[in-house]
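Below, each chain spelled out in residue letters.
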Amino acid sequence: MKEIYHLLDKIKDRLRANNITSTVTFGDMMEVDLSKTSIYPLAHTSIGNVVFGEYTMTADIGVMFLDLVDKSKNQSTFDSFYGNDNIQDIYNTQLAAANDLQSHLRRGDLFEDNDMKISNNVIAEPIQDRFENELAGWGISISVEMPNNNFSTCE
C-alpha cells in the first residue's frame, strides 16, 4: 500500500512547481526552523484522518501557505488602508498558491493522472501572528479521495 506516499509526493511536487513557494515541509510545524528567512514563502503539509470506503479512501491533508511579514520603517503617506507592511501582498500570493493546488487536485493533472480528487469544498482560512516570527498567509484543509483497490482478500 503506497497511496499516502504517492499522494504526498504529488502534493509536494505541485507545491514546488507553482512558481510561488520556495520551501515545502511536512510534519509537525513546531519542528520547522521558522527563523530561517531563506525558506519563505513556505508551504507546510500535514496529514490528518483517513476514512476508508468500500472502494475508496479519503485522506485529510492540511496545508499552510506562509510568508514573512515585512514591516517598513518608513510610515506610508500613500494610503493608510495598505498599511506599513506587505500583508496584503502575502494574502494575494499565498492564496494563489492555495488555489493552484486545489485546482490541480479538482480538475487538473493531479486528478487526471492519479485518480485523486477533492471530495469537499476547500475553505482558505487566513493566518496571521500565529507563530514566533511574524508570518501571514492561508491554511486549507482538503479531503482527497483515491481508489482503495491495492489489496487482496485472498490469503
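Report on the accompanying structure. This structure is a prediction, so every number in the text was calculated from the model and none was measured.

What counts as what
Residues numbered from 1 in each chain as written. Predicted model: local features only at pLDDT ≥ 70, side-chain atom pairs only at ≥ 80, totals over all residues. Heavy atoms only, no water. Helix = DSSP H or I, 4+ residues; strand = E, 2+ residues; numbered from the N terminus. Buried < 20%, exposed > 50% of the residue type's maximum accessible area, 1.4 Å probe, protein only. Contact = heavy atoms within 4.5 Å. Areas by Shrake-Rupley, 256 points an atom, 1.4 Å probe, with all protein chains shown as cover. Axes fitted to C-alpha atoms, helices over the stretch in contact; angles between N-to-C directions. Parallel < 35°, antiparallel > 145°, perpendicular 65-115°, else oblique. Left-handed = near helix turned anticlockwise from the far one by under 90°. Nonpolar A, V, L, I, M, F, W, Y, C, P; charged D, E, K, R; others polar. Phe/Tyr/Trp six-rings, centres within 6.5 Å; stacked < 30°, edge-to-face > 60°.

Here the focus is the overall build of the chain. Looking only at helices and strands, the chain has three helices and six strands in total. Reading the helices (α) and strands (β) of the chain from amino to carboxyl end gives α-β-β-β-α-α-β-β-β. Across the 155 residues that make up the chain, the buried fraction comes to 41%. Here the contacts in the chain between residues at least 6 apart in sequence split such that 56% fall between residues at least 24 apart. Here the chain has roughly 9400 Å² of accessible surface; of this, 47% comes from carbon and sulfur atoms.

This next bit is on the packing of helix α1 (residues 3-16) against helix α2 (residues 87-107). One can describe the packing of α1 onto α2 by two numbers: an axis separation of 10 Å at closest approach and a directional angle of 135°. Relative to α2, the element α1 lies oblique. In this structure, α1 meets α2 at a crossing whose hand is right-handed. Contact residues: α1 offers Ile11, Arg14 and Leu15, while α2 offers Asp100, Leu101 and His104. Of the residues belonging to the contact of α1 with α2, the class tally is three nonpolar, one polar and two charged.

On to the packing of aromatic side chains, then. Each aromatic ring pair is summarised here by two numbers: the centre-to-centre distance and the angle between the ring planes. According to the stated counting rule, one finds one aromatic pair in the structure shown. Considering the side-chain rings of Tyr91 and Trp138, the 5.3 Å spacing of their centres and the 55° angle between planes classify their relative orientation as tilted. With Tyr91 in helix α2 and Trp138 in strand β6 (residues 135-147), the pair connects residues that are 47 residues apart, well separated along the chain.

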